[in-house]
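The lines below spell out each chain.
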Amino acid sequence: MHLYTYDSAPNPRRLGLFLAFKGIELPTTQIDMRVNAHREAAFLGINPLGTLPALMTDEGILLTEVIAICAYLDELHPTKPLMGSTPLERALVISWDHRIFVSIFEAFAEMLRNRSPAFESRALPGPLDVEQIPALEERGRKRFRGSLKLFNEELGDKPFLCGDTISFADIDLLVGVETARWVKESIPEGCDNLNAWVERCRSALS
C-alpha cells in the first residue's frame, strides 16, 4: 500500500499521530499543499478529490477519509488499538469522533476558509469552486468556543474521552485544539478539565 499525505496539515496530522502511536510505517509520498501540489494533474489522477491524506491499499482501493484509513489500519494492526477493542468501545470512538469532526474541524474550516485569501473560491475542500461567506468565520468561532466548553464539562475527571486509555477520538480532539492557533483561537478560560486532558494526551502520545 502507499500513503499520500502532507504531514503538517490538520487531517494528515490526525493520521500521522495514529501511525506513530501504533508504530506503523508506510511507503509515503509528501504532496506539498503550500504550492497546491494536491490540485495538480499528477495527484488528481490518483485522488480526483484532491484531498489529503489518501491511502492506496494493496487491493488498489483508494481510501480518502481519515477515519476510514484509521479503522482499516487498526484492523490490520490490532496491537495498541485506537478504534476500540469491543463493539461498544468502537461505537463510542466513532460517536465522539463524529462530534469532534462536526463541532471542531468544521468550525475550524469555517474560520480558516472564509477569511484567508489563499482559499478564495475554495471555501470547501475538494474539486468544486465554492465562494467564501465571510459571516461564517464568526459563526465558526462561536461553534468552536462553545464546543470546547461542552467537551470540558463532559470530560469531567475522566482520563480520556472513551475511558481509561487513549483512543483515536482523543487524537482528533487534540489536533483540533492545537490547530486552533492557525485561526488565533485556544482553549477558553476556565476549561481546567480540558487543559489537564491535553497534557495527558501529549504524554500518552510521546
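Worth saying up front: this structure is predicted, and the values here are computed from it rather than measured.

Caption draft 1: Representation of the pattern of salt bridges in the model. The final tally for this structure, using the stated rule, is 15 salt bridges. A salt bridge links Glu 178 to Arg 13; the shortest N-O distance between them is 2.9 Å. Here Arg 13 lies in helix 1 (residues 10-22) and Glu 178 lies in helix 6 (residues 168-179), a separation of 165 residues in the sequence. With relative accessibility at 13%, the residue Glu 178 sits in the buried group. Judged by its relative accessible area of 29%, Arg 13 falls in the partly exposed class. Between Arg 143 and Glu 106 there is a salt bridge, with the nearest N and O atoms lying 3.5 Å from each other. Of this pair, Arg 143 sits in helix 5 (residues 135-155) while Glu 106 sits in helix 4 (residues 87-113), placing them 37 residues apart in sequence. Under the relative-accessibility criterion, Arg 143 is labelled partly exposed at 23%. Taking relative accessible area as the criterion, Glu 106 reaches 35% and is therefore assigned partly exposed. Residues joined in a network through salt bridges with shared partners are Arg 115, Glu 137, Arg 141, Arg 145 and Glu 185.

Caption draft 2: Fine view of helix 7 (residues 192-205). Here helix 7 spans 20 Å end to end across 14 residues, near enough to the 20 Å set by a 1.5 Å rise per residue. Against helix 1, helix 5 and helix 6 lie the buried residues of helix 7.

Caption draft 3: Structural context of the side chain of Thr 5. Checked against the element boundaries, Thr 5 lands in strand 1 (residues 2-5). A relative accessible area of 2% means that Thr 5 is categorised as buried. Excluding residues that lie within four positions of it along the chain, Thr 5 makes contacts with Pro 12, Thr 28, Thr 29, Gln 30, Ile 31, Leu 52 and Pro 53.

Caption draft 4: Spatial organisation of the sheet that holds strand 1. With mixed pairing, the four strands of this open sheet are ordered in space as 2-1-3-4. In this open sheet, the two strands that pair with only one neighbour each are strand 2 (28-30) and strand 4 (62-63).

Caption draft 5: Summary view of helix 5. Here helix 5 is 21 residues long and its end C-alpha atoms lie 31 Å apart, about the 30 Å a rise of 1.5 Å per residue gives. Looking only at helix 5, the buried set comprises Leu 136, Glu 137, Gly 140, Arg 141, Phe 144, Ser 147, Leu 148, Phe 151, Asn 152 and Leu 155. Seen from one end, helix 5 has its buried residues packed into an arc of 145°, which puts them on one side. Turned more than 90 degrees away from the buried face of helix 5 sit Ala 135, Lys 142 and Glu 153, all of them exposed. The inward-facing, buried residues of helix 5 contact helix 4, helix 6 and helix 7.

Caption draft 6: A look at the packing of helix 5 against helix 7. Between helix 5 and helix 7, whose axes approach to 7 Å, the crossing angle comes to 80°. The pairing of helix 5 with helix 7 is recorded here as roughly perpendicular in orientation. Across the interface between the two elements, Leu 148, Asn 152 and Leu 155 from helix 5 touch Asp 192, Asn 193, Leu 194 and Trp 197 from helix 7. The residue inventory of the contact of helix 5 with helix 7, partitioned by class, reads four nonpolar, two polar and one charged.

Caption draft 7: Geometry of the environment of Phe 18. Inspection of the secondary structure assignment puts Phe 18 in helix 1. Those residues in contact with Phe 18, other than ones at most four positions away along the chain, are Ile 24, Cys 70, Leu 73, Asp 74, Leu 82, Phe 168 and Ile 171.

Caption draft 8: View of the packing of aromatic side chains. Tallied over the entire structure, the rule returns five aromatic pairs. Here Tyr 4 and Phe 43 contribute two aromatic rings whose centre-to-centre distance is 6.0 Å and whose plane-to-plane angle is 55°, an arrangement assigned as tilted. Within this pair, whereas Tyr 4 is found in strand 1, its partner Phe 43 is found in helix 2 (residues 41-44), the two being separated by 39 residues in sequence. Relative accessible area serves as the criterion here: at 2%, Phe 43 is assigned to the buried category. Here the guanidinium or amino end of Arg 14 rests over the ring plane of Phe 105, the centre of that ring lying 5.1 Å away. Positioned over the ring face of Phe 21 is Lys 80, at 4.2 Å from the centre of the ring.

Cut-offs applied
Residues numbered from 1 in each chain as written. Predicted model: local features only at pLDDT ≥ 70, side-chain atom pairs only at ≥ 80, totals over all residues. Heavy atoms only, no water. Salt bridge = Lys/Arg side-chain N within 4 Å of Asp/Glu carboxyl O. Helix = DSSP H or I, 4+ residues; strand = E, 2+ residues; numbered from the N terminus. Buried < 20%, exposed > 50% of the residue type's maximum accessible area, 1.4 Å probe, protein only. Expected span 1.5 Å × (residues − 1). Contact = heavy atoms within 4.5 Å. Pairing = 2+ DSSP bridges. Arc of directions from axis to C-beta. Axes fitted to C-alpha atoms, helices over the stretch in contact; angles between N-to-C directions. Parallel < 35°, antiparallel > 145°, perpendicular 65-115°, else oblique. Nonpolar A, V, L, I, M, F, W, Y, C, P; charged D, E, K, R; others polar. Phe/Tyr/Trp six-rings, centres within 6.5 Å; stacked < 30°, edge-to-face > 60°. Lys NZ or Arg CZ within 6 Å of the ring centre and 35° of its normal.

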